[in-house]
Amino acid sequence: MRSPLVARKVVALSAMNIGDPYELQPSRWRGDRNKEAEEAAVASGLTWTSLRASSFAGNTAQAWGAQIRSGDVVRYVHARFRESVLDEHLADVAARALLTDELAGRRLELTGPQSLSHEEMVAVIAATLGRPLRFEELSPHTVAAHLVDNGLPEPWARALMARYEHYLDRDQHPVTGEVDKILGRPARTYGDWVADHLAAFRNR
């Protein structure tokens, strides 16, 4: 009889903002438990690695995709809010943690290679699509009300607006360069991500 397989390593997907107050963590209000996932990995008795991700690039498709598919104006909050969004495809980093001991016992802060404002991200989408998109800034109250009217939880919308306000004049996720160091190649840019997900922004 073959011996049962025994897990020896665990990789937890966490987030760079797990140390923030919960009222600044919108993902917690939609069920994410990043802090608890990391703590469980550390306490598991297995060789562990935690992937503390910055905001994912895919969030921009959810926020702006419908507007861009239907017109040339993106209406959203805080044009100058900056962050280094990350391509959500982290399989290569997770594989390195599982197949080698290089990343054992580490909390890796993973970001994209660029810090971009909301307005700059819309400009990247415009350049990739070849369309003249324009960013129009709305008030946090207006955007939060729109999100709630479209079925999103009010506590989530409130936490998202609070996060934007708190980090408005400083980058929440400064570029760390960890992805480059781990994989030995440059992290994918936001433009790379947009080029791979044009269907989210293009009229069919």
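Everything below is about the structure shown above.
Residues numbered from 1 in each chain as written. Predicted model: local features only at pLDDT ≥ 70, side-chain atom pairs only at ≥ 80, totals over all residues. Heavy atoms only, no water.

When its secondary structure is counted, the chain shows 8 helices and 7 strands. Principal-axis analysis of the C-alpha atoms gives the chain an extent of 60 × 35 × 35 Å. Counting every position in the chain, which comprises 204 residues, the buried fraction comes to 42%. For the chain, restricting intrachain contacts to residue pairs at least 6 apart in sequence, the fraction spanning at least 24 positions comes to 83%. Total accessible area computed for the chain in this model is approximately 10,900 Å², and 52% of it derives from carbon and sulfur atoms. (Helix = DSSP H or I, 4+ residues; strand = E, 2+ residues; numbered from the N terminus. Buried < 20%, exposed > 50% of the residue type's maximum accessible area, 1.4 Å probe, protein only. Contact = heavy atoms within 4.5 Å. Areas by Shrake-Rupley, 256 points an atom, 1.4 Å probe, with all protein chains shown as cover.)

Here the structure, examined in full by the defined rule, presents 5 aromatic pairs. Both rings, one in phenylalanine 81 and one in tyrosine 164, keep their centres 4.7 Å apart while their planes meet at 65 degrees; by these two values the pair is edge-to-face. Pair noted here: phenylalanine 81 is in the loop between β3 (73–77) and β4 (82–83) and tyrosine 164 is in helix α6 (residues 154–166), with a separation of 83 residues, a long-range link. Assigned by exposure class, phenylalanine 81 and tyrosine 164 land together as buried. Considering the side-chain rings of tyrosine 190 and tryptophan 193, the 6.0 Å spacing of their centres and the 10 degrees angle between planes classify their relative orientation as stacked. Linking tyrosine 190 with tryptophan 193, this pair stays in helix α8 (residues 190–196), spanning 3 residues, or about one helical turn. (Phe/Tyr/Trp six-rings, centres within 6.5 Å; stacked < 30°, edge-to-face > 60°.)

Moving on to the nonpolar core. In terms of nonpolar packing, the biggest core is built from 34 residues, with Trp64, Ile68, Tyr76, Ile125, Met161, Tyr190 and Phe201 touching the most fellow members. Contributing elements (two or more residues each) for this core: α2 (58–70), β3, α4 (118–129), α5 (140–149), α6 and α8. Every residue in contact with isoleucine 125, bar those within four places of it in the chain, is listed here: Trp64, Ile68, Leu133, Tyr190, Val194 and Phe201. Core analysis: the second largest hydrophobic core is formed by 14 residues, Leu51, Leu86, Ala97 and Leu110 among them. (Core = buried A, V, L, I, M, F, W, Y, C linked by side-chain atoms within 4.5 Å.)

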